[in-house]
Amino acid sequence: MLKIAIQKSGRLNEDSIRLLKECGIELNNGNKQLKAVAHNFPVEVYFFRDDDIPQYVYDGVADIGIVGENVLLEKGKSIELVYRLGFGKCRLSVAVPKAMEYSSVKDLEGLKIATTYSSILEKYLTENKVKAEVHEISGSVEIAPGIGLADAICDLVSSGSTLFTNGLKEVEVILKSEAVLVANKNLSAENKSILDKLLLRINAVKTAKNNKYILLNAPNHQLKNIFTLLPGTKSPTVVPLAEEGWSSVQSVVNENDFWEVIEKLKQFEAEGIIVIPIEKMIV
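Residues numbered from 1 in each chain as written. Predicted model: local features only at pLDDT ≥ 70, side-chain atom pairs only at ≥ 80, totals over all residues. Heavy atoms only, no water.

Caption draft 1: Summary view of the sheet that holds strand β8 (residues 133-136). Read from one edge to the other, the open sheet built from 5 strands follows the order β8-β7-β9-β6-β10, with strand pairing classed as mixed. The sheet terminates laterally at β8 and β10 (168-177), the two strands that pair on one side only. For this sheet, the mean inter-axis angle between neighbouring strands, taken without regard to orientation, is 25°. (Pairing = 2+ DSSP bridges. Helix = DSSP H or I, 4+ residues; strand = E, 2+ residues; numbered from the N terminus. Axes fitted to C-alpha atoms, helices over the stretch in contact; angles between N-to-C directions.)

Caption draft 2: Highlighting the environment of V253. Checked against the element boundaries, V253 lands in strand β14 (residues 246-254). Looking at V253, the relative accessible area reads 4%, which means it is buried. Remark: the alpha-carbon pair of V253 and I214, spanning 39 residues in sequence, is separated by 6.9 Å. (Buried < 20%, exposed > 50% of the residue type's maximum accessible area, 1.4 Å probe, protein only.)

Caption draft 3: Structural context of the side chain of T115. Residue position: T115 is located in strand β7 (residues 112-115). What makes T115 buried here is its relative accessible area of 0%. Only 2.7 Å separates the side chain of T115 from the backbone oxygen of C154, close enough to count as a polar contact. (Polar contact = N/O pair within 3.5 Å; in protein donor to acceptor, adjacent residues only side chain to side chain.)

Caption draft 4: Just the nonpolar core, in detail. Judged by nonpolar contacts, the single largest core of 30 residues is most densely connected at I4, I64, I66, L85, L181, L195 and I202. Among the elements of the structure, β1 (2-7), α1 (13-22), β3 (43-48), β4 (64-68), β11 (179-183) and α6 (189-209) are those that each provide at least two residues to this core. Broken down by element, this core gets its largest block of residues, 6 residues, from α6. Apart from the residues lying within four places of it in its own chain, the contact partners of I4 are V43, E44, V45, Y46, I64, G65, I66 and L181. In terms of nonpolar packing, the next biggest core, distinct from the first, is built from 18 residues, V94, L111, A152 and I174 among them. (Core = buried A, V, L, I, M, F, W, Y, C linked by side-chain atoms within 4.5 Å. Contact = heavy atoms within 4.5 Å.)

Caption draft 5: Representation of the packing of aromatic side chains in the model. One pass over the full model with this rule turns up 3 aromatic pairs. Look at F48 and Y56: their rings are 4.3 Å apart centre to centre, the planes differ by 45°, and that puts the pair in the tilted class. Given the relative accessible area of 9%, F48 is considered buried. Assessed through its relative accessible area of 27%, Y56 is described here as partly exposed. Consider the rings of F258 and W259, whose centres lie 4.8 Å apart with planes at 80°: the pair is edge-to-face. Overall, F258 belongs to the buried group, its relative accessible area being 11%. For W259, a relative accessible area of 61% translates into the label exposed. Linked through ring pairs, Y46, F48 and Y56 together constitute an aromatic cluster. In this structure, K77 is placed above the aromatic ring of Y58, and the distance from its NZ or CZ to the ring centre is 5.6 Å. K98 extends its terminal NZ or CZ atom over the ring of F164, reaching a point 3.6 Å from the ring centre. (Phe/Tyr/Trp six-rings, centres within 6.5 Å; stacked < 30°, edge-to-face > 60°. Lys NZ or Arg CZ within 6 Å of the ring centre and 35° of its normal.)

Caption draft 6: View of the pairing of β4. Among the 5 residues of β4, 5 are classified as buried, and the element is accordingly described as predominantly covered. Of the two faces of β4, the one holding I64, I66 and G68 and the one holding G65 and V67 are both buried throughout. Sheet analysis places β1 next to β4, joined by 2 bridges and oriented parallel. Residue pairing across strands places A5 opposite G65, the latter belonging to β4. Bridging between β4 and β11 involves 5 bridges; their strand directions are antiparallel. Considered in β11, the bridge of G68 is made with A179.

See below:
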């Protein structure tokens, strides 16, 4: 059994469970218990506090884990970052009161900064040759300036609404973070094999989400132009239509380029464009 640690509750919990389900892994219970066993894949899932996951993976209590990159860097454990999962995206930022004048990181000189991420913050300040007092706290960091506990904060930011509500403004982005899959460096050969099979499934799911399957009709004299837009996994599939001089083209387009590609396809006389979500994609 490959033992995987995921967050018991919080922003990464649901996405981690959803990823396993999309990989075809069915768990026998939810996260109300410490452990869940998959009945169709050799995996046991353990539910832990996110701050504890790097330590448990390092100690071998879990073989692999899903954790925020911010937590991984803060804990500084010697474990392997295996895969960036693309969800749970956020940033670790410094924020100051809205009324404070701010022009550069040098304005943090001499301030008291409250944070849960003291190691990352101290490294950032050292790199920028700024001397400030780092005040490590847990819980609601954003209220620290309002109650006189600190002059500024360093905390995770997603939409920025919490900062706005507490009269703060984001001034420095220290780190961009997302959920990552990490592994103990001393996995057995058997567990490495299971991990490889899991990574194949994860990669298929993530690749599919980043691409769309596209079908269209186009005049033959525009096919070369269309091929430059739709390379597909190797090359587009082209099928002659009953109407002379026309073909059906099938290919894959990256989600990030989707609308730009569609606009150019229209310029190249493409018609009847159909876009289909891809559930899994193995390349």
